[in-house]
Amino acid sequence: MTSLDGAPVAVQGWFAAEKSADQAAGLRTVLGRDVVMDFGGQKIRGVDAVVAMVTFAMPAGWLGDAEWSLLPVGAAGQVTVRATGAGGTQLHVFVPGAPAQRMDAMDLMFTLDEDGLIVGLAGQAHQPEPPDLPRPLRAGDTAPDFVLPDVEGGEVPSRREGAATIVVFVSNHCPFSLAWHDRLEQVGRDYSARGVRLLHVNSNDPGQGAKDGVDHCRERVAQGHFSGPYLVDEGQAVARSWGARRTPEVFVVDEHGTVAYHGAPDSDATDAAQNAGWLRAALEQMLAGTAPDPADTEPVGCSIKWTQR
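J.: Quick one: what's the story with the packing of aromatic side chains, residue by residue and with numbers?
T.: Using the criterion set out here, one finds 8 aromatic pairs in the structure. Summarising the aromatic geometry, the rings of Trp-242 and Phe-251 are spaced 5.2 Å apart at their centres and angled 85° between planes, so their arrangement reads as edge-to-face. Overall, the relative accessible area of 0% leaves Phe-251 in the buried class. Feature note: the residues Phe-146, Phe-169, Trp-242 and Phe-251 constitute an aromatic cluster, connected by ring pairs.

Here it is in structure tokens:
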């Protein structure tokens, strides 16, 4: 249900487009040419790029049965719309083929130009990360060791003899994690003979989405989807100690346990031709005995689904 009485025409048009049969065409009518969207830690610029990202990560039906309300008007040209669930306590946003994503509320913040078109868009989920969550590990930091069970219950240590370990925090349903999946697995296959291993860590609370439960993780492993162990971070202690926030979020750790690279696999989840270029470059430089450059990039993706205490 959507109640947007008094909202600007373009904002109402955004929600109408989301429900329409031709979502992309509807979005183009309400977006300004120089629109910038802040989504998943990434700034997407231009109408074509924004439409591509919205239809990729927020497909038709994404709004589900959320209740949307217009918040009090802020600065000129800025409009914020809030989604809550029934009773205002919990929101379940539905994506076709994916589990419900639960949060307390979510805001969409629109910026409009003089013609009333949307030139800025940012989302903010009210699903707080732990207040004591440290900053993510960066290049030069010592990575905390861990031992986690794989999907069959066997124990897998983070430290092992070899040139490097890639630790990537993943999800079974996040569109970013799925979009980068094949590229990451190919990195695992391409570099295994050079002493590099790839560890996948799922830290999402399965109570926030059944597809992150161990049974579904096990099914994906059985289907041959992974080139390295798939580990279950029940209790989320590893994600907390590493300061991980996104899926996917990549850490490369050298043979001494020092982080050599942290960030995204490459610059664009929607472009398979990027081929995990940032990660590959970091590995090549590290294996050649030089420090990766860049050593830190901005992780882009869904938030880790934290257990609410």
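J.: Requested: an account of the environment of Thr-247, with residues and values cited.
T.: Structurally, Thr-247 is set in strand E15 (residues 246–247). In this structure, the C-alpha to C-alpha distance between Thr-247 and Ala-264, residues 17 residues apart in sequence, is 9.4 Å. If sequence neighbours within four positions are ignored, Thr-247 has contacts with Phe-169, Val-170, Ser-171, Cys-174, Phe-176, Ser-177, Asn-204, Val-300, Gly-301, Cys-302 and Ile-304.

J.: Can you tell me about the sheet that holds strand E12 (residues 164–169), naming the residues and giving the values?
T.: Spatially, 5 strands are ordered E14-E13-E12-E16-E17 in an open sheet, and the strand pairing comes out mixed. With one partner strand each, in any of the chains shown, strand E14 (230–232) and strand E17 (259–263) form the two edges of the open sheet. Averaged over all pairs of adjacent strands, the angle between strand axes in this sheet comes to 20°, irrespective of strand direction. In this structure, strand E13 (residues 196–202) lies alongside E14, joined through 3 bridges in parallel fashion. Along E14, the bridge assignment pairs His-200 with Tyr-230. Each of E12, E13 and strand E16 (249–254) is contacted by helix H4 (residues 175–191), which is oriented at about 150° to E13, the strand it contacts most. Lying over the sheet, helix H7 (residues 277–287) contacts E12, E13, E16 and E17, oriented at roughly 5° with respect to E16.

The rules behind each value
Residues numbered from 1 in each chain as written. Predicted model: local features only at pLDDT ≥ 70, side-chain atom pairs only at ≥ 80, totals over all residues. Heavy atoms only, no water. Phe/Tyr/Trp six-rings, centres within 6.5 Å; stacked < 30°, edge-to-face > 60°. Buried < 20%, exposed > 50% of the residue type's maximum accessible area, 1.4 Å probe, protein only. Helix = DSSP H or I, 4+ residues; strand = E, 2+ residues; numbered from the N terminus. Contact = heavy atoms within 4.5 Å. Pairing = 2+ DSSP bridges. Axes fitted to C-alpha atoms, helices over the stretch in contact; angles between N-to-C directions.

The values reported here are purely geometric and, on their own, carry no functional implication.
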